[in-house]
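Here are the chains, one letter per residue:
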Amino acid sequence: KAGVTQTPRYLIKTRGQQVTLSCSPISGHRSVSWYQQTPGQGLQFLFEYFSETQRNKGNFPGRFSGRQFSNSRSEMNVSTLELGDSALYLCASSLGTSNEKLFFGSGTQLSVL
Amino acid sequence: GESVGLHLPTLSVQEGDNSIINCAYSNSASDYFIWYKQESGKGPQFIIDIRSNMDKRQGQRVTVLLNKTVKHLSLQIAATQPGDSAVYFCAENRHNFNKFYFGSGTKLNVKP
């Protein structure tokens, strides 16, 4: 069974630009969560999607958004990029119930210059 | 945010020794816990989980202990191998679907 796939693996953008990251969950998984990982703040929850609906949201500004498609694939978008948005963005998938293990992809490393 | 990552503590052990990695969690309402291993350039990899109605759970070479009284979680790795070198994170869930709060991580160095 293929794991969680994230594309692209690396991205370099400049301040003010916007970016879209993609995530394909494990087949059969209906929940996709996004996390931001930085050396200073560690792993922080961005949001979770289930059945094309945002089910949970972390404490990030509205510049961070996401969506989920009918095939459970998900995208997240960051608009008006800031230097502080440089991070590893991780996608995790799960079956969709509560309190269950998450399976992570390798992440997208975003650098904002 | 809920997860604060400052200086990453490091645990150095000799190959073959047992390792114990500790984690203090913040909320007594948390009822599900996971240990993840993250190698350089990769995403976190599931190791073992435990629910709040248990005190101990064992896997292959790993054991997780949960002390709800002092809100403490530990991961024990038996006969540590060089391939165990990585950063280890604990994560807690407060019965809030898949919104997990991660600890700041511990780097494990295994010396051959």
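A few points on the structure. Going along each chain's sequence as written, the residues are numbered from 1 onward. Here chains are named by letter from A upward and ligands by number from 1 upward, in the order in which they appear as written. Local features in a predicted model are, by the rule used here, given only for residues with pLDDT of at least 70; side-chain atom pairs are given and counted only at 80 or more, and totals for whole chains, interfaces and linings are based on all residues. Note: side-chain values were computed over all heavy atoms of the structure, leaving out hydrogens and water.

So, the sheet that holds strand 1 (residues 5–7) of chain A
All names here are of chain A. The criterion, for reference: Here a strand pair is declared whenever DSSP counts at least two bridges between the two strands. Numbered from the N terminus, helices here are DSSP runs of H or I no shorter than four residues, and strands are runs of E no shorter than two. All axes here are fitted lines through C-alpha atoms, helices being fitted over the stretch that makes contact, and every angle between N-to-C directions spans 0 to 180 degrees.
Strands sit in the order 1-3-8-7 across an open sheet of four strands; the sheet is antiparallel. Each edge of the open sheet is held by one strand with a lone partner, namely strand 1 and strand 7 (64–68). Within the sheet, the average angular offset between the axes of one strand and its neighbour, ignoring direction, is 20°. Note: strand 1 against strand 3 (residues 19–24), three bridges, orientation antiparallel. Within strand 3, the position partnered with threonine 5 by the bridge is serine 24.

Notes on unusual backbone geometry
All names here are of chain A. The omega angle of the peptide bond from threonine 7 to proline 8 is -10°, so this bond is cis rather than trans. A positive phi is found at serine 51, a non-glycine position, where the angle reads about 50°. As for its placement among the helices and strands, serine 51 is situated in the loop between strand 5 (42–50) and strand 6 (53–57). Phi at serine 72 takes a positive value of approximately 75°, unusual for a residue other than glycine.

Comments concerning the interface of chain B and chain A
Many analyses report the size of an interface as the accessible area lost when the parts associate. Counted only if it meets this: Only heavy atoms enter the contact rule, under which two residues are in contact if any of them lie within 4.5 Å. Summed over both partners, the accessible surface that disappears when two parts come together, traced with a 1.4 Å probe, is what is meant by buried area. In what follows, salt bridge is the name for a side-chain nitrogen of Lys or Arg lying within 4 Å of a carboxyl oxygen of Asp or Glu.
With 27 residues of chain B at the contact, the number on the chain A side is 29 residues. Of the roughly 2,200 Å² buried where chain B meets chain A, counting both sides, 47% is carbon and sulfur surface. Counting the surface chain B buries against chain A, the share from its top three residues, Phe97, Asn98 and Lys99 of chain B, is 29%. Run the count over chain B and chain A and you get zero salt bridges.

Concerning the pairing of strand 11 (residues 108–112) of chain A
All names here are of chain A. The criterion, for reference: Only protein chains enter the calculation, and the probe is 1.4 Å; a residue is then buried if its accessible area is under 20% of its type maximum, exposed if over 50%, and partly exposed in between.
Side-chain alternation along strand 11 places Thr108, Leu110 and Val112 on a buried face and Gln109 and Ser111 on a face that remains uncovered. As defined by bridge partners, strand 2 (residues 10–13) adjoins strand 11 across four bridges and the pair is classed as parallel. The partner of leucine 11 across the bridge, within strand 11, is leucine 110. In the sheet, strand 9 (residues 87–94) pairs with strand 11 via three bridges, with the strands oriented antiparallel. Its bridge partner being in strand 11, tyrosine 89 is matched across the sheet by threonine 108.

Comments concerning the sheet that holds strand 7 (residues 72–77) of chain B
Residues and elements named next belong to chain B. Strand order across the open sheet formed by four strands is 2-7-6-5, with antiparallel pairing between neighbours. The sheet terminates laterally at strand 2 (19–24) and strand 5 (56–58), the two strands that pair on one side only. Strand-to-strand, the axes of this sheet are offset by a mean angle of 15°, without reference to chain direction. Taken together, the six bridges between strand 2 and strand 7 define a ladder with antiparallel strand orientation. If you follow alanine 24 over to strand 7, its bridge partner there is histidine 72.

Some remarks on the pattern of salt bridges
Evaluation of the coordinates by the stated rule reveals ten salt bridges over all chains. The salt bridge involving aspartate 85 of chain A is made with arginine 63 of chain A; its shortest N-O contact spans 2.8 Å. Residue aspartate 85 of chain A is located in the loop between strand 8 (74–78) and strand 9, and its partner arginine 63 of chain A is located in the loop between strand 6 and strand 7; the two are separated by 22 residues in the primary sequence. Like arginine 63 of chain A, aspartate 85 of chain A is buried. Arginine 94 of chain B is paired through a salt bridge with glutamate 92 of chain B; the nearest N and O atoms lie 3.5 Å apart. Each of Arg63, Glu82 and Asp85 of chain A takes part in one network of salt bridges that share partners.

Some thoughts on the packing of aromatic side chains
Just so we agree on the cut-off: Within 6.5 Å between ring centres, the rings of Phe, Tyr and Trp (the latter by its six-membered ring) count as paired, and their orientation is classed by plane angle as stacked under 30 degrees, edge-to-face over 60, tilted in between. Look at NZ for Lys and CZ for Arg. If either is within 6 Å of the ring centre and within 35 degrees of the ring normal, a charge sits over the ring.
What the rule picks out here adds up to 13 aromatic pairs over all chains. Ring plane angle 75° and centroid distance 6.1 Å describe the contact between phenylalanine 104 of chain A and phenylalanine 102 of chain B, whose orientation is recorded as edge-to-face. In this pair, phenylalanine 104 of chain A sits in strand 10 (residues 103–104) while phenylalanine 102 of chain B sits in strand 9 (residues 100–102), so the two residues belong to two different chains. Comparing phenylalanine 104 of chain A with phenylalanine 102 of chain B, the two get one shared label, buried. Residues tyrosine 25 of chain B and phenylalanine 33 of chain B carry aromatic rings whose centres are separated by 4.6 Å and whose planes lie at 55° to one another, so their mutual orientation is tilted. What makes tyrosine 25 of chain B buried here is its relative accessible area of 8%. An aromatic cluster is built from Tyr35, Phe45 and Phe104 of chain A together with Tyr36, Phe46, Phe89 and Phe102 of chain B, whose rings are joined through pairwise contacts. Above the plane of the ring of phenylalanine 50 of chain A lies arginine 55 of chain A, whose end atom (NZ or CZ) is 4.4 Å from the centre. The residue whose ring lies beneath arginine 94 of chain B is tyrosine 101 of chain B, and the NZ or CZ to ring-centre distance is 3.8 Å.

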